[in-house]
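Breakdown of the fold
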Amino acid sequence: DQQVKQNSPSLSVQEGRISILNCDYTNSMFDYFLWYKKYPAEGPTFLISISSIKDKNEDGRFTVFLNKSAKHLSLHIVPSQPGDSAVYFCAATRGSSNTGKLIFGQGTTLQVKP
Amino acid sequence: EAGVAQSPRYKIIEKRQSVAFWCNPISGHATLYWYQQILGQGPKLLIQFQNNGVVDDSQLPKDRFSAERLKGVDSTLKIQPAKLEDSAVYLCASSLEGGFTEAFFGQGTRLTVV
C-alpha cells in the first residue's frame, strides 16, 4: 500500500531553469508534508515542509505547493543549480498526532546540467 | 549540535549470520525511527519509538528483526538470521517528537548479505 507516490523516477533540467518535482498521497489523514534531499552515501537531509493549513511555503529558491483536494504536492526549485543534483524524497505524516508515522515516497533523481 | 550517529557505516555478512546496528539520536529527541532503504526505493519504516515505547512496528519482519531503545536514548536494530534480500541501507532518524517537526537522519549503515 503505497500511501505516498512520486511517479517520476528522474528529472533533468538545465541550470538556471525551474525544477518541478511532484508527489501524490492517498491518506487523507496526512496533514504535514516534508521534502528531503539525499546525496550518495549520505542520509536524507530536511529541505522544506508544509502543513495542511497552508497551500504554499517558500524558503529561498525552494517552494512547496499543496493541493489538498487533489492530494498532491510539488516542490519548485528556482533557479536550479548543479549542486541541486540529488535524489528528492517526499514524506507525509499526521502532524496532529505526536505518534504519526513518517512515510516516504520512492524518490525522484534530479539532474541539473550546467 | 551533534547529529544522529550510526555505526557501523558498512557491514558485509554471509546469509544466516546475525548483525546489529547502533544508533544514537540527537539529544532530547523523543522519537526515533529505523528505516530500510533498498537501492532505487524510498526509505521504508521498520519501527518507530516514542521514548522507549514502540509506536509502530507493523512493517518489521519480527521473525528475524528486533529492535530496542533502552532508557529512551540509544537504539539497536538486529537481524538474525540475515537473508540476501536484507541487503540495504539502514537509516536511523530522530525528531523532537512526532507531529509537526522534521526528522533528522544519520548517514546510514550499508549492509551487504552474500
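These lines cover the structure that appears in this document, whether it is placed above or below. (Residues numbered from 1 in each chain as written. Chains lettered and ligands numbered in written order. Predicted model: local features only at pLDDT ≥ 70, side-chain atom pairs only at ≥ 80, totals over all residues. Heavy atoms only, no water.)

1. Section: the overall build of chain B
- Of regular secondary structure, chain B possesses 0 helices and 11 strands.
- Element order for chain B, N to C, with α for helix and β for strand: β-β-β-β-β-β-β-β-β-β-β.
- A principal-axis box enclosing the C-alpha atoms of chain B has dimensions of 40 × 25 × 25 Å.
- Counting all 114 residues of chain B, 46% fall into the buried class.
- Taken as a whole, chain B presents about 5,600 Å² of accessible surface, with 50% of it coming from carbon and sulfur. (Helix = DSSP H or I, 4+ residues; strand = E, 2+ residues; numbered from the N terminus. Buried < 20%, exposed > 50% of the residue type's maximum accessible area, 1.4 Å probe, protein only. Areas by Shrake-Rupley, 256 points an atom, 1.4 Å probe, with all protein chains shown as cover.)

2. Let's talk about a nonpolar patch on the surface
All names here are of chain A.
- Taken together, the side chains of Ile18, Ile20 and Val78 present a nonpolar region at the surface, about 230 Å² in accessible area.
- Structurally, Val78 is set in the loop between β8 (72–77) and β9 (86–93).
- Judged by relative accessible area, which is 42%, Val78 ranks as partly exposed. (Patch = residues over 30% accessible without salt bridge, like charges linked within 9 Å, V, L, I, M, F, W, Y side chains within 5 Å. Salt bridge = Lys/Arg side-chain N within 4 Å of Asp/Glu carboxyl O.)

3. Section: the nonpolar core
- With 24 residues, the main nonpolar core has Phe33, Trp35, Leu73, Leu75 and Tyr88 of chain A as its most contacted residues.
- Listed by contribution, the elements that provide at least two residues to this core are β3 (19–25), β4 (32–38), β5 (45–51), β7 (62–67), β8, β9 and β11 (108–113) of chain A.
- Take this core: its biggest share by element is 4 residues, from β9 of chain A.
- Residues in contact with Leu73 of chain A, not counting those within four places in the same chain, are Leu21, Asn22, Cys23, Tyr25, Phe33, Trp35, Val64, Phe65, Leu66 and Cys90 of chain A.
- Residues Val4, Cys23, Leu46 and Leu77 of chain B belong to the second largest nonpolar core, which totals 21 residues. (Core = buried A, V, L, I, M, F, W, Y, C linked by side-chain atoms within 4.5 Å. Contact = heavy atoms within 4.5 Å.)

4. Here's the deal with the state of the cysteines
Residues and elements named next belong to chain B.
- Across all of its chains, the model carries 2 disulfides over all chains by this definition.
- Across the disulfide from Cys23 sits Cys92; the S-S distance is 1.9 Å. Because the torsion about its S-S bond is -70°, the bridge between Cys23 and Cys92 counts as left-handed. Note that Cys23 is positioned in strand β3 (residues 19–24) and Cys92 in strand β9 (residues 88–95), a separation of 69 residues in sequence. For the pair Cys23 and Cys92, a shared accessibility class is recorded, and that class is buried. (Disulfide = S-S within 2.5 Å.)

5. Comments concerning the packing of aromatic side chains
- Enumeration over the complete set of coordinates arrives at 13 aromatic pairs over all chains.
- Measuring from centroid to centroid gives 6.3 Å for Phe89 of chain A and Phe104 of chain A, while their planes differ by 80°, and the two rings are edge-to-face. On the criterion of sequence distance, the pair formed by Phe89 of chain A in strand β9 and Phe104 of chain A in strand β10 (residues 103–104) is long-range, its members being 15 residues apart. Residue Phe89 of chain A shares its accessibility class with Phe104 of chain A, and that shared class is buried.
- Chaining the aromatic ring pairs together yields one cluster made of Tyr36, Phe46, Phe89 and Phe104 of chain A together with Tyr33, Tyr35 and Phe105 of chain B. (Phe/Tyr/Trp six-rings, centres within 6.5 Å; stacked < 30°, edge-to-face > 60°.)

6. Remarks on the sheet that holds β7 of chain A
Residues and elements named next belong to chain A.
- One open sheet holds the 5 strands; their spatial order is β1-β3-β8-β7-β6, and the pairing between them is antiparallel. Of all the strands in the sheet, just β1 (4–5) and β6 (56–59) have a single pairing partner and so form its edges.
- In this sheet, β8 lies alongside β3 in antiparallel orientation, the contact comprising 6 bridges. Counted as the bridge partner of Asp24 is His72 from β8. (Pairing = 2+ DSSP bridges.)

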